[in-house]
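If you want the building blocks of each chain, they are given just below.
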Amino acid sequence: SNSSAASDVYKRQAYKTAVKCAPGFVAARSNLGNSYVQKAMWKEAEMEFRACLNLEPDFAPAYNNLGNLYLARKRPKLAIPEFKKALEWDPQFDVARRNLQRAYEQAGLLEEAQALRQMSQTDTSIEQQGIYTLSMPSDEITGMPEVDTP
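A brief report on the enclosed structure follows. (Residues numbered from 1 in each chain as written. Predicted model: local features only at pLDDT ≥ 70, side-chain atom pairs only at ≥ 80, totals over all residues. Heavy atoms only, no water.)

### Remarks on the packing of helix α2 (residues 26-38) against helix α3 (residues 42-55)
Helix-helix packing is described using two parameters, namely the angle between the two axes and the distance between the axes. As a reminder, the rule being used: Fitted lines through C-alpha atoms serve as axes, helices being fitted only where they are in contact, and the angles separating the N-to-C directions of these axes extend from 0 to 180 degrees. Secondary structure elements follow DSSP: runs of H or I no shorter than four residues count as helices, runs of E no shorter than two count as strands, and numbering proceeds from the N terminus. Any angle that is under 35 degrees is reported as roughly parallel, and any over 145 degrees as roughly antiparallel; angles of 65 to 115 degrees are reported as roughly perpendicular and all others as oblique. Left-handed describes a crossing whose near helix is turned anticlockwise from the far helix through less than a right angle; right-handed describes the clockwise counterpart. We call two residues contacting when some pair of their heavy atoms lies within 4.5 Å. In the scheme used here, Gly and all other residues not listed as nonpolar or charged are polar, with Ala, Val, Leu, Ile, Met, Phe, Trp, Tyr, Cys and Pro taken as nonpolar and Asp, Glu, Lys and Arg as charged.
It is at 8 Å that the axes of α2 and α3 come closest, and there the two elements cross at 160°. Classed by the angle they form, the pair α2 and α3 counts as roughly antiparallel. At the point where α2 passes α3, the crossing takes the left-handed sense. Counting all contacts with α2, which are made through Val26, Arg29, Ser30, Leu32, Gly33, Asn34, Tyr36 and Val37, the residues of α3 involved are Trp42, Glu44, Ala45, Glu48, Phe49, Ala51, Cys52 and Leu55. Looking at the contact of α2 with α3 residue by residue, the classes come out as ten nonpolar, three polar and three charged.

### Looking at the packing of helix α4 (residues 60-72) against helix α6 (residues 94-106)
Contact geometry of α4 with α6 gives a least axis separation of 10 Å together with a crossing angle of 25°. Taken together, α4 and α6 sit at an angle that is classed as roughly parallel. Taken as a pair, α4 and α6 cross one another with a handedness that is left-handed. Residues Asn64, Asn68 and Leu71 of α4 pack against Val95, Ala96, Asn99, Arg102, Ala103 and Gln106 of α6. Taken together, the residues of the contact of α4 with α6 sort by class into four nonpolar, four polar and one charged.

### So, the pattern of salt bridges
We count it as follows: Salt bridges are identified by distance alone: a Lys or Arg side-chain nitrogen within 4 Å of an Asp or Glu carboxyl oxygen. When a residue's accessible area, from a 1.4 Å probe over protein chains only, is under 20% of the maximum for its type it is buried; when over 50% it is exposed; and in between it is partly exposed.
In the structure shown here, the tally under the stated rule is five salt bridges. Between Arg29 and Glu48 there is a salt bridge, with the nearest N and O atoms lying 2.7 Å from each other. Here Glu48 lies in helix α3 and Arg29 lies in helix α2, a separation of 19 residues in the sequence. Accessibility classification places Arg29 together with Glu48 in one group, the buried group.

The values are spatial; any link to function lies outside them.
Now the structure itself:
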């Protein structure tokens, strides 16, 4: 829809402004990267996620989002180590665990996917796109993608 496209442009502009005002604001950089992924602007997205990790090497959402970028580009084998790093830094990061499972499945590593599924106590019936948007300006984190109501 037109209004959703306008809203995306508005959000991307807001994140860009936030990054310009506060280059060290990793949540804004991460969200800007996600907005690039949604537009298939891979190089720009990767630059933002890498910038996050240069600023905060333990920022788990950036590893998760980098993994998603590789999954979106049909490169699950590149995605797997990124999701693993996200989980190393944040073992309770269920979104990254589900994404790792998806990456294993897409890479044809079904035993690993199965082991992870059994390990996971999360409700896998929830449809999860894996986009990890950090709400701003507070530090509260949401694991679900933003959904436009029709």
